[in-house]
2 protein chains.
Amino acid sequence: MTHPTTRRTLLRGTAAAATAALATTALTPTAHADTAPYPANRSTDPGTPPTGPRIGILLYDGYSLLDPTGPAEVLSRVPGASVTMLAERRGPVRTDTGDVAVLAERTLDEAGRLDVLLVPGAGNRGTIAAMENQPLLEWIRHTNRRTRFTTSVCTGSLVLAAAGLLDGRRATTYWASAPYLEKTFDITYVPERYVRSGKFITSAGVSAGLDMALYLAARLTDDDTARAIQLAVEYDPRPPFDAGDAQQASAELKARALKILADSQV
Amino acid sequence: MTHPTTRRTLLRGTAAAATAALATTALTPTAHADTAPYPANRSTDPGTPPTGPRIGILLYDGYSLLDPTGPAEVLSRVPGASVTMLAERRGPVRTDTGDVAVLAERTLDEAGRLDVLLVPGAGNRGTIAAMENQPLLEWIRHTNRRTRFTTSVCTGSLVLAAAGLLDGRRATTYWASAPYLEKTFDITYVPERYVRSGKFITSAGVSAGLDMALYLAARLTDDDTARAIQLAVEYDPRPPFDAGDAQQASAELKARALKILADSQV
């Protein structure tokens, strides 16, 4: 079984492209370079500095997988952007479930200046460890001095708060952590998907990082570019249920959600 | 600066819990085990077989980051589920942008029987390579024989189609790949977030895997459990723009989205 494919046929899908797909020579990536409707991909030369924003995403043991990866998917489409996963040590960093690991590409010392810092949330264990990790908090404070935006997803705002960066500000966090955030810090909790206060942008739980990242993409570029990114990742959400808003959820559903979460974590 | 934290304070946030947080003994994770409202986390003994569905997510060079990680976030909350990233070789597998790598935990030979197989999509290069990788397609066909559900995100449906699994079926894919899917295979394209045909569930582009995963979570458990998972990951999407539906998008926006995508890929 052979299904000849080209960029044009996969991503354009016109009748003409479908016909062209029947020619096996089209398999050569550069075969139609002269007629290709898209520019060449960006340079992969590691010596080439990014032309767009340098985005650093912090990984630490026990983060929730979607917290860094949702925004990374969106922000990696910002023209010229570099997205770098950072951690105290290079190598795999495991999620709260222990099942999955994303690779940290650079250590914190190697991060350099960042235009955007993103701090993901984690399960209870990971969040507590990060909030008590003084060298990590010091790195966050140091890095924050030169960012354009310092951002968080889910309980990542607790980590920013523990670093002392959100004092006196409005912020959001994971729904179940909101009372803790307000009672522990000098922060006004706002139950929105993302909350901007100066250069700080905090997100609600886990999936809210996607909404925040689109907003951030618009700030880093313009609204039309952000719209194109939204279409590029086909972000037209239509969940089969309408149960994601904690303010509408019953106490029973909340308890069930927290039990499911605790049971899934290591 | 010290912010004593416990599971109860981070994830429950009642006034009582906030008070408890002031006791530094609460930092010991098991200090309040007798009064903890949540059961112990699941066993991390690698010798313990999962009590729930075995979910295998295929990684291959050039996949789009959110395609496997969005569903993994949701499906890892299915009670008792195991989520395993699989690839031809163990170790880091890079995304289409080249910036990020997720670790493959097992080789295809080590995957064993799966209840759910998920095939993510990729950029043009990655999708073409997967569609032409005959051993990979043979493994997909072999694995599919014993799954309860065989699923895809984005251009992952092209890979399933290349494996011959979607002949005569209704399916969806990335919006820009839909004409190619229909013209190349005996498949009826349906422009929905996810489309079920028998045990096959295909998703639209990138972020659509989140919607599909919630639907799948309900099939693997029940609607109320899926709703609790939705709340657990606070999936109450509210993107700042309404540009994610290709059927509503202008030709100009589509062209811009595809250029942004191509430019971001290596």
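Criteria and thresholds
Residues numbered from 1 in each chain as written. Chains lettered and ligands numbered in written order. Predicted model: local features only at pLDDT ≥ 70, side-chain atom pairs only at ≥ 80, totals over all residues. Heavy atoms only, no water. Phe/Tyr/Trp six-rings, centres within 6.5 Å; stacked < 30°, edge-to-face > 60°. Lys NZ or Arg CZ within 6 Å of the ring centre and 35° of its normal. Contact = heavy atoms within 4.5 Å. Buried area = accessible area lost by both parts, 1.4 Å probe. Salt bridge = Lys/Arg side-chain N within 4 Å of Asp/Glu carboxyl O. Helix = DSSP H or I, 4+ residues; strand = E, 2+ residues; numbered from the N terminus. Buried < 20%, exposed > 50% of the residue type's maximum accessible area, 1.4 Å probe, protein only. Axes fitted to C-alpha atoms, helices over the stretch in contact; angles between N-to-C directions. Parallel < 35°, antiparallel > 145°, perpendicular 65-115°, else oblique. Left-handed = near helix turned anticlockwise from the far one by under 90°. Pairing = 2+ DSSP bridges. Core = buried A, V, L, I, M, F, W, Y, C linked by side-chain atoms within 4.5 Å. Arc of directions from axis to C-beta. Polar contact = N/O pair within 3.5 Å; in protein donor to acceptor, adjacent residues only side chain to side chain.

Participant: Which parts of the structure should I look at to understand the packing of aromatic side chains?
Facilitator: Aromatic rings considered in pairs are described by the distance between their centres and by the relative angle of their planes. Residue and element names in this part refer to chain A. Under the counting rule described, the total for this entry stands at six aromatic pairs over all chains. On the basis of an interplanar angle of 45° and a centroid distance of 5.4 Å, the ring pair of Tyr 174 and Trp 175 is categorised as tilted. Sitting over the face of the ring of Tyr 215, Arg 219 holds its NZ or CZ atom 4.7 Å from the ring centroid.

Participant: Even after reading the chapter, I still don't get the interface of chain A and chain B, so can you show me in this structure?
Facilitator: Bring the parts together and some accessible area is lost; that lost area is often taken as the interface size. Listed by partner, the interface residues are 115 residues for chain A and 115 residues for chain B. Summed over both sides, the interface between chain A and chain B buries roughly 10000 Å², with carbon and sulfur atoms accounting for 60% of that surface. Linking chain A with chain B are eight salt bridges. Residues B:Glu105 and A:Arg94 are paired through a salt bridge, measuring 2.9 Å at the closest nitrogen-oxygen approach.

Participant: Honestly, the side chain of B:Thr107 in this entry has me stumped. Any pointers?
Facilitator: Residue and element names in this part refer to chain B. As for its position among the elements, Thr 107 is in strand E5 (residues 106–107). Residue class for Thr 107 comes out buried when judged on its relative accessible area of 17%. If we skip the residues at most four places from it in the chain, Thr 107 touches Leu 86, Ala 87, Glu 88, Arg 89 and Arg 90.

Participant: Could you clarify how one ought to interpret the side chain of B:Asp115 in this entry?
Facilitator: All names here are of chain B. With respect to the element layout, Asp 115 can be found in the loop between E5 and strand E6 (116–119). On the basis of relative accessibility, which here comes to 11%, the residue Asp 115 falls in the buried class. Ignoring sequence-local partners within four residues, the contact set of Asp 115 consists of Gly 52, Pro 53, Arg 54, Thr 147, Arg 148 and Phe 149.

Participant: Looking at this model, I keep getting lost on the packing of helix H3 (residues 66–75) of chain A against helix H3 (residues 66–75) of chain B. Mind explaining?
Facilitator: The relative placement of two packed helices comes down to the angle between their axes together with the axis-to-axis distance. Packing of H3(A) against H3(B) brings their axes to within 10 Å, and their N-to-C directions diverge by 150°. Accordingly, the angle class assigned to the pair H3(A) and H3(B) is roughly antiparallel. Two packed elements cross with a definite hand, and for H3(A) against H3(B) that hand is left-handed. From H3(A), A:Leu66, A:Thr69, A:Gly70 and A:Glu73 reach across to H3(B), where they touch B:Leu66, B:Thr69, B:Gly70 and B:Glu73.

Participant: Can you help me understand the pattern of salt bridges in this one?
Facilitator: Side-chain pairs of opposite charge can arise whenever the charged atoms involved come near each other. The full count for this structure, using the stated rule, is 28 salt bridges over all chains. The salt bridge partner of A:Lys259 is A:Asp263, with a shortest N-O separation of 2.7 Å. Of this pair, A:Lys259 and A:Asp263 both sit in helix H10 (residues 251–264), four residues apart, which is roughly one turn of that helix. Given a relative accessible area of 24%, A:Asp263 falls into the partly exposed group. A salt bridge links B:Glu73 to B:Arg77, with the nearest nitrogen and oxygen atoms 2.5 Å apart. Since its relative accessible area comes to 2%, B:Glu73 is described here as buried.

Participant: Sorry, what's going on with the sheet that holds strand E10 (residues 194–197) of chain B here?
Facilitator: Neighbouring strands of a sheet are bound in pairs by backbone hydrogen bonds; such pairs are parallel or else antiparallel. All names here are of chain B. The strand order across the open sheet formed by seven strands is E5-E2-E1-E6-E7-E11-E10, and the pairing between neighbours is mixed. Whereas interior strands pair on both sides, the edge strands pair on one side only; in this sheet they are E5 and E10. Sheet topology places strand E1 (residues 54–58) next to E6; three bridges connect them, and they run parallel. Residue pairing for E6: Gly 56 is matched across the bridge by Leu 117. Along the sheet, helix H5 (residues 134–144) makes contact with E1, strand E2 (82–87), E6, strand E7 (149–152) and strand E11 (200–203), crossing E6 at roughly 150°.

Participant: Mind showing me how you'd approach unusual backbone geometry here?
Facilitator: Of all residues except glycine, most have a negative phi; of all peptide bonds, most are trans. Within the chain, A:Glu234 stands out as a residue other than glycine whose phi angle is a positive 45°. Structurally, the position occupied by A:Glu234 is in the loop between helix H9 (223–232) and H10. Even without being glycine, B:Cys154 reaches a positive phi, approximately 55°. Among the secondary structure elements, B:Cys154 is positioned in the loop between E7 and helix H6 (156–162).

Participant: What's the story with the nonpolar core in this structure? I'm lost.
Facilitator: Side chains that are nonpolar tend, in soluble globular proteins, to be buried together. A:Leu75 and B:Leu75 are the most contacted members of the largest nonpolar core, which has 108 residues in total. If we ignore the near neighbours within four places in the chain, the residues touching B:Leu75 are B:Ile55, B:Ala81, B:Val83, B:Ala213, B:Leu216, B:Ala217 and B:Leu220.

Participant: What is the right way to look at the environment of A:Ala122 in this model?
Facilitator: All names here are of chain A. By the secondary structure assignment, Ala 122 is in the loop between strand E6 (116–119) and helix H4 (124–131). Residues Ala 122 and Val 93, spaced 29 residues apart in sequence, show a C-alpha to C-alpha distance of 12 Å. What Ala 122 contacts, discounting residues up to four positions off in sequence, is Tyr 60, Gly 62, Tyr 63, Ser 64, Asp 67, Thr 127 and Thr 155.

Participant: Explain the sheet that holds strand E1 (residues 54–58) of chain A to me, please; I cannot follow it from the model alone.
Facilitator: Residues and elements named next belong to chain A. Spatial ordering of the open sheet is given by E5-E2-E1-E6-E7-E11-E10, a layout of seven strands whose pairing is mixed. At either end of the open sheet lies a strand with only one pairing partner, and these are strand E5 (106–107) and strand E10 (194–197). Those strands touched by helix H5 (residues 134–144) are E1, strand E2 (82–87), E6, strand E7 (149–152) and strand E11 (200–203), and its axis lies near 150° from that of E6.

Participant: Please clarify how H5(A) should be interpreted in this entry.
Facilitator: An α-helical turn contains 3.6 residues, so a residue and the one three or four places further along point in the same direction. Residue and element names in this part refer to chain A. When we look at burial in H5, the residues that qualify are Leu 136, Leu 137, Trp 139, Ile 140, Thr 143 and Asn 144. Taken end-on, H5 shows its buried residues confined to a sector of 155°, consistent with a single buried face. The distance from a side-chain oxygen at the start of H5 to the backbone nitrogen of Leu 136 is 3.0 Å, and the residue carrying that oxygen is Asn 133.

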